[in-house]
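Residue-level structure breakdown
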Amino acid sequence: MTLGIASGRLRLRPLAATDIDRVARFLGDFEVAGMLARVPHPYDRADGLEKLRAAEAAAARWPDVEEIGFAIDHDDGLVGAVSFRALRATPVIGYWLGRPYWGQGLMSEAVRAALGWLFTATGAAAVEASVMQDNPASSALLRKQGFDVIGPDACSSLARCGTVPAIRMRLERAAFLGSSNA
């Protein structure tokens, strides 16, 4: 199973250490990092490079991994990322997009393509997400893909140095594959 995914305007490929410049630029923006659980602010470039190397190594070991991350490439290179963790349990999706690319439908396209890959490449029965309550754009994006709210959650945020209220969402495999999103 290939780790490259193509959609109308985008190409998703494994993250690589060579992505560090664009990753650091976009994740150095608090408006992006502040909506993510596992990204500190200010962004630590050395730590980011270590994580990108780990993601690159994980892609080389596919499918024997618990987590996989994809760079989202648009016309001029990396614009964001989408990942899945807990692949051997119920996968959890996470994603981010650089602020210059907001409002263009790119993340909806990337998430749809990544979900299609997940349900084709793995036996996952469902995928979940935790969305911070003050991020209505993210919850709307997931609802558009067919995710349902399953209840309240709490999300630890490194950038915010604490826990913030969140919403837990879930998408069943059959619902995605039976929809026009697949």
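Residues numbered from 1 in each chain as written. Predicted model: local features only at pLDDT ≥ 70, side-chain atom pairs only at ≥ 80, totals over all residues. Heavy atoms only, no water.

Points about the overall build of the chain
Counting its secondary structure elements, the chain contains six helices and eight strands. In sequence order, the chain lays out its α and β elements as β-β-α-α-α-β-β-β-α-β-α-β-β-α. Here the chain has a C-alpha radius of gyration of 15 Å; the compact-globule value for 182 residues is 16 Å, and the two agree. Summarising its shape, the C-alpha atoms of the chain cover approximately 40 × 35 × 30 Å along the three principal directions. Counting all 182 residues of the chain, 49% fall into the buried class. Counting only contacts in the chain whose residues sit at least 6 apart along the sequence, the fraction spanning at least 24 positions is 64%. Total accessible area on the chain stands at roughly 8600 Å², and carbon and sulfur atoms take up 54% of it. Side-chain charges in the chain split into 20 positive and 20 negative, and the spacing between the mean points of these groups amounts to 2 Å. (Helix = DSSP H or I, 4+ residues; strand = E, 2+ residues; numbered from the N terminus. Rg over C-alpha atoms; globule rule 2.2 N^0.38 Å. Buried < 20%, exposed > 50% of the residue type's maximum accessible area, 1.4 Å probe, protein only. Contact = heavy atoms within 4.5 Å. Areas by Shrake-Rupley, 256 points an atom, 1.4 Å probe, with all protein chains shown as cover. Lys, Arg positive; Asp, Glu negative; His and termini not counted. Charge placed at Lys NZ, Arg CZ, Asp CG, Glu CD.)

Concerning the UniProt feature "domain: N-acetyltransferase" (unreviewed entry) in the chain
UniProt tags residues 10–174 as "domain: N-acetyltransferase" (unreviewed entry). For residues 10–174, helix accounts for 34% and strand for 33%, while the C-alpha atoms at its two ends are 25 Å apart. (UniProt positions renumbered as here; feature names shortened; annotations may be inferred.)

Focus: the packing of aromatic side chains
Under the definition given, this model contains six aromatic pairs. With 6.3 Å between their ring centres and 55° between their planes, Phe-26 and Trp-96 make a pair best called tilted. Of this pair, Phe-26 sits in helix H1 (residues 20–27) while Trp-96 sits in strand S5 (residues 92–97), and the two are 70 residues apart along the sequence. Across the pair, Trp-96 and Phe-26 agree in class, each one buried. The interplanar angle of 75° and the centroid separation of 5.0 Å between the aromatic rings of Phe-70 and Trp-117 together place this pair among those described as edge-to-face. (Phe/Tyr/Trp six-rings, centres within 6.5 Å; stacked < 30°, edge-to-face > 60°.)

Considerations on the pairing of strand S6 (residues 126–132)
Remark: a regular strand shows side chains that alternate across the two faces of the sheet. In terms of burial, S6 is a largely internal element, six of the seven residues being buried. When S6 meets strand S8 (residues 162–172), the two strands line up antiparallel, connected through seven bridges. Each bridged residue has a counterpart across the sheet, and for Ala-126 the counterpart in S8 is Glu-172. (Pairing = 2+ DSSP bridges.)

So, the environment of Arg-99
You can see Arg-99 is positioned in the loop between S5 and helix H4 (106–121). With 20 residues separating them in the primary sequence, Arg-99 and Val-79 have C-alpha atoms 8.8 Å apart.

Concerning the pattern of salt bridges
Enumeration over the complete set of coordinates arrives at 15 salt bridges. A salt bridge links Arg-170 to Glu-172, with the nearest nitrogen and oxygen atoms 2.6 Å apart. The exposure class of Arg-170 is partly exposed, given its relative accessible area of 24%. The structure contains a network of salt bridges with shared partners spanning Glu-128, Asp-153, Arg-168, Arg-170 and Glu-172. (Salt bridge = Lys/Arg side-chain N within 4 Å of Asp/Glu carboxyl O.)

A look at helix H5 (residues 136–145)
Listed as buried for H5 are Ser-138, Ser-139, Leu-141, Leu-142 and Gln-145. One side of H5 carries all its buried residues, which in axial view fall inside an arc of 155°. Away from its buried face by more than 90 degrees, H5 exposes Pro-136, Ala-137 and Lys-144. Buried positions along H5 lie against S5, H4, S6, S8 and helix H6 (173–177). Two residues or fewer after H5 comes Gly-146, characterised by a positive phi angle close to 110°. (Arc of directions from axis to C-beta.)

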